[in-house]
Amino acid sequence: MGLQGFERRLERLVEGTFSKAFRSNLEPVEMGRKVARALDAGQTLDVRGQRVAPNDIVMYVSPTDFDRFYSFADVLTRELAEAARTHAKSEGYHFVGPVTVELVEDQALKTGDSEVVAEIMEGEGGRVGSLILPDGNRIALREQATVMGRLSECAVQLSDPKASRRHAEVRPSDAGWVVADLGSTNGTTVNGERIRERVLTDGDVIGIGATQIRFEES
């Protein structure tokens, strides 16, 4: 399911502007499949019996393909990372750090060839969480509180007129990730319910005014 969604997004990506870049045997969809196979091959059991998958992913490509992908490498690697997260969720894998994908040029590879090296890399405190903004951008959560509001100094700056300057924050706790309202004028909701403070679970939607921000764990 995740790879099908990845394939549909990549099909839209390569239409028009990027179509010339894929006149080789290396297709983005196959790159996504290789990332998924790397997760399957590298997953292992932790002390709690959970299946942990690699989250630090490097894809090596030929110089020719690297040059073709260079102008939109950020978009491509972001989509590959999203495909990795979706595949991990569908397979019940967990991550112990942020998912990153890097595209690297390898002089030894021929045009159309690629290799994937994936490792398990633990993040700060072993917690992995992120906020998905309405425009699709992903904000990785850190050990420090992530503040959302209208101030430019906020980690998540909002233009919503109903958002306060420092509206709410997401911070780590012993129970996981917690969202807390910071005394805002119009309040904060989780899945439509107004809250002061709430432990988040994967897929919860934080509401600030008309802005919807999705929380994802692992």
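What comes next concerns the included structure. On a predicted model such as this, the values are computed, not experimentally measured, just so you know. (Residues numbered from 1 in each chain as written. Predicted model: local features only at pLDDT ≥ 70, side-chain atom pairs only at ≥ 80, totals over all residues. Heavy atoms only, no water.)

## Quick look at the environment of Gly32
- Here Gly32 is to be found in helix 2 (residues 28–42).
- Measuring from C-alpha to C-alpha, the distance between Gly32 and Glu82 comes to 9.6 Å, with 50 residues separating the pair along the chain. (Helix = DSSP H or I, 4+ residues; strand = E, 2+ residues; numbered from the N terminus.)

## Brief notes about the nonpolar core
- In terms of nonpolar packing, the biggest core is built from 22 residues, with Met31, Val35, Leu39, Ile57, Phe69, Leu76 and Leu103 touching the most fellow members.
- Put simply, the parts of the chain that give this core at least two residues each are helix 2, strand 3 (56–61), helix 3 (63–69), helix 4 (73–91) and strand 4 (100–105).
- Among the elements that take part in this core, helix 4 stands out by supplying 6 residues, more than any other.
- For Met31, the residues in contact, after removing those within four places along its chain, are Leu26, Met59, Phe69, Leu76, Leu80 and Leu103.
- Grouped together as the second largest cluster of nonpolar side chains are 18 residues, Val156, Val190, Ile195 and Leu200 included. (Core = buried A, V, L, I, M, F, W, Y, C linked by side-chain atoms within 4.5 Å. Buried < 20%, exposed > 50% of the residue type's maximum accessible area, 1.4 Å probe, protein only. Contact = heavy atoms within 4.5 Å.)

## Describing the packing of aromatic side chains
- Counted by the stated rule, this structure contains 2 aromatic pairs.
- Between the aromatic rings of Phe66 and Tyr70, the centroid separation amounts to 6.1 Å while the plane-to-plane angle is 55°, which identifies the pairing as tilted.
- What makes Phe66 buried here is its relative accessible area of 18%.
- Pairing Phe69 with Phe72 gives two aromatic rings, centres 6.3 Å apart and planes at 75°, and the pair type is edge-to-face. As far as the burial class goes, Phe69 and Phe72 line up, both buried. (Phe/Tyr/Trp six-rings, centres within 6.5 Å; stacked < 30°, edge-to-face > 60°.)

## Side note on the packing of helix 2 against helix 4
- Where helix 2 meets helix 4, the closest approach of the two axes is 9 Å, and the angle between their N-to-C directions is 45°. Judged by the inter-axis angle, helix 2 sits oblique to helix 4. Viewed along their axes, helix 2 and helix 4 form a crossing whose handedness is right-handed. The residues of helix 4 that touch helix 2, namely those facing Pro28, Met31, Gly32, Val35, Ala36, Leu39 and Asp40, are Leu76, Leu80, Ala84, His87, Ala88 and Glu91.
- Residues that form the contact of helix 2 with helix 4 fall into these classes: 9 nonpolar, 2 polar and 2 charged. (Axes fitted to C-alpha atoms, helices over the stretch in contact; angles between N-to-C directions. Parallel < 35°, antiparallel > 145°, perpendicular 65-115°, else oblique. Left-handed = near helix turned anticlockwise from the far one by under 90°. Nonpolar A, V, L, I, M, F, W, Y, C, P; charged D, E, K, R; others polar.)

## Structural notes on the sheet that holds strand 3
- Strands sit in the order 4-3-5 across an open sheet of 3 strands; the sheet is mixed. Taken across any chain shown, the strands that pair with only one partner, and hence form the sheet edges, are strand 4 and strand 5 (114–119). Each adjacent strand pair in this sheet contributes to an overall mean axis angle of 20°, direction not counted.
- The sheet contact formed by strand 3 and strand 4 spans 6 bridges and is parallel. (Pairing = 2+ DSSP bridges.)

## Considerations on the environment of Asp67
- Tracing the backbone shows Asp67 in helix 3.
- For Asp67, a relative accessible area of 57% corresponds to the exposed category.
- Asp67 sits 38 residues away from Glu105 along the chain, and the two C-alpha atoms are 8.7 Å apart.

## Brief notes about the pattern of salt bridges
- In the structure shown here, the tally under the stated rule is 11 salt bridges.
- In this structure, Lys89 engages Asp202 in a salt bridge whose closest nitrogen and oxygen atoms are separated by 3.1 Å. Of this pair, Lys89 sits in helix 4 while Asp202 is found in the loop between strand 14 (197–199) and strand 15 (205–208), placing the two residues 113 residues apart along the sequence.
- Between Arg138 and Glu216 there is a salt bridge, with the nearest N and O atoms lying 3.1 Å from each other. Taken as a pair, Arg138 in strand 7 (residues 138–140) and Glu216 in strand 16 (residues 211–217) lie far apart in primary sequence, 78 residues in all.
- For Glu216, a relative accessible area of 11% puts it in the buried group. (Salt bridge = Lys/Arg side-chain N within 4 Å of Asp/Glu carboxyl O.)

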